[in-house]
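Residue-level listing of the chains:
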Amino acid sequence: MSGVVIVDLFHSHCLQYNVCLQKRVKTAATFIGERKYERVYFMLQTHDQNNTSSPRDTTRAQLQELTQMNEITCVLEHGSVAASLYFFKQAVDELDQSAVLVLTSTRRIAELKAYQERLFTALYTFEYAAVFDECPSNAAEAPTDAQVEEQVAIFVRQLPVLKGEISVLRSSLISGPGVSCIPSLSALNLFCSSRRRDPKAVVAENLRRLGLHAGFDPEKFHLIKTDHASDVWVMGKPPPSSYDGIVTNRAGVVIAAPGADCMPLLFTDPVAKVIGVAHAGWKGTLMGIAMATVSAMVTEFGSKVTDIVAVIGPSVGPCCFSLDKESAEHFHSIDPSCVRGRGSAKPHIDIRLATRILLQQGGLLPHHIQDDRVSDRPNLTLCTACHPEQFFSHVRDGNHFGTQIGFLWIKEPNNSPL
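As recorded by an unreviewed UniProt entry, the chain carries the name Purine nucleoside phosphorylase LACC1 and is attributed to Anguilla anguilla. What UniProt states about the chain under its Subunit (unreviewed entry) heading is, verbatim, "Interacts with FASN. Interacts with SDHA. Interacts with ATF6, EIF2AK3 and ERN1." Heading Sequence similarities (unreviewed entry) of the UniProt record for the chain holds this comment: "Belongs to the purine nucleoside phosphorylase YfiH/LACC1 family."

A.B. asks: Would you mind going over the sheet that holds strand E5 (residues 125-132) with me for this structure?
C.D. replies: Across a sheet, strands are paired by hydrogen bonds formed along the backbone, either parallel or antiparallel in direction. Taking strand neighbours across the sheet as the criterion, the 5 strands line up as E3-E2-E1-E4-E5 in an open arrangement whose pairing is parallel. Single-partner strands in this sheet number two, and they are strand E3 (73-78) and E5. Strand after strand, the sheet turns through a mean of 25° between neighbouring axes, direction not considered. Bridge analysis of strand E2 (residues 39-45) against E3 gives 6 bridges, and the strand direction is parallel. Of the residues in E3, the one forming a bridge with Met43 is Leu76. Helix-sheet contacts for helix H1 (residues 17-32) involve strand E1 (4-9), E2, strand E4 (99-105) and E5, and the interaxial angle to E1 is about 160°. Packing against the sheet, helix H3 (residues 81-95) makes contact with E1, E2, E3 and E4, and its axis sits at approximately 165° to E2.

A.B. asks: It is not clear to me how the confidence of the model for the chain should be interpreted in this structure. Could you clarify?
C.D. replies: Low pLDDT marks regions whose predicted coordinates should not be analysed in detail. Here the chain averages 84 in pLDDT, and 83% of its residues register 70 or above. Of all the helices and strands in the chain, helix H2 (residues 57-69) carries the lowest mean pLDDT, 60, while helix H8 (residues 289-301) carries the highest, 98. A low-confidence stretch, residues 48-56 stays under pLDDT 50, and its non-local contacts, those more than four residues away or across chains, total 20 contacts. A low-confidence stretch, residues 176-186 stays under pLDDT 50, and its non-local contacts, those more than four residues away or across chains, total 57 contacts.

A.B. asks: Please explain the packing of H3 against helix H4 (residues 106-119) as it appears in this structure.
C.D. replies: Between two packed helices, the angle of one axis relative to the other and the distance separating the axes together describe the packing. Two numbers describe how H3 lies on H4: the axes approach to 10 Å, and their chain directions differ by 55°. Between H3 and H4, the crossing angle belongs to the class labelled oblique. Where H3 crosses over H4, the handedness of that crossing is right-handed. Here H3 contributes Val81, Ala82, Leu85, Tyr86 and Lys89 to the contact with H4, which in turn contributes Arg108, Glu111, Leu112, Tyr115 and Leu119. For the contact of H3 with H4, the residue count by class is 7 nonpolar, no polar and 3 charged.

Rules of the game
Residues numbered from 1 in each chain as written. Predicted model: local features only at pLDDT ≥ 70, side-chain atom pairs only at ≥ 80, totals over all residues. Heavy atoms only, no water. UniProt positions renumbered as here; feature names shortened; annotations may be inferred. Pairing = 2+ DSSP bridges. Helix = DSSP H or I, 4+ residues; strand = E, 2+ residues; numbered from the N terminus. Axes fitted to C-alpha atoms, helices over the stretch in contact; angles between N-to-C directions. Contact = heavy atoms within 4.5 Å. pLDDT = per-residue confidence, 0-100. Parallel < 35°, antiparallel > 145°, perpendicular 65-115°, else oblique. Left-handed = near helix turned anticlockwise from the far one by under 90°. Nonpolar A, V, L, I, M, F, W, Y, C, P; charged D, E, K, R; others polar.

Written out as structure tokens, the structure is:
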């Protein structure tokens, strides 16, 4: 049987702590029996100031005996449920496991699920088995969702920086460290997905730290809901269910586009005081997301195309990105220079050049586009796959990839775009 087991011995405010835990250890041992699991984790509470029972030496000795006799058993002994489950997550990630069985009591299931929602993504499957009797001497109320949220936030804010420093690349055309523990996500992953292992609590803490560093309010942060298509949300109108572009003329709100090989595109109109962001992979590029964002700025807020400047952010370069022949032909039709090795089975594609050409065809001035072809400004359009020390990359890292973002906002009170 694949997967891992949590034996929930976290048992606060109990007047008969040792007795209850000894019963639970025996029950768990009987339940697990001859079943085959990758690892069994006993989640034990470090201390409880409200507990007046005798020292827990007996329980600890019993657990120690189990761990010595059985190499698949481990003890999670931390001061809070959030800490125990977070370090459990690190352990199962190292094992590349995602199926979890939790042995607990009926009363604890809702509480543990609340922690699960904040510390794990849908990539993990949890099954709960209420195998323990309720403790008659434990009258403490379970924490509310708001209290769980607060406890998780307090815990992740205490996590140390794992790697590097927060880095913000700033475009000269536009005036104005993290805690992810997956090696390919360390450390400032800024996107949570049901298919990845970084939970929303960790991503939210990364965003909070970025906001402190860059000077924006994370509560006013809006990230694109990507679908690799061409829908654009005009802020102030009801948002579509998914969208790869956002435009606004509101001051103070931060709009952002994710990228991990796909291009984060930033647009500003310093005359009409309008900004936009877009997420453009190869599919979105062919569907016209770049000009769809520009068109929304023009039609909804009165921008002139010739006033708009665009920045093409870090993204996979033609050195590292290839497509099948049929898809490559669509880029060849934009311009032959967008395809390298056209006759090969997997031609290399320059999605950045394709974007520049499409924007220029749409009316943007060539010198209003900042990409890897400019020579009079710093190059912000670096290849994400070629620079592992700076950027996340799906092409390079596989399914456990992180995400950087391109972001901007109209500053208050002087309305100068950053």
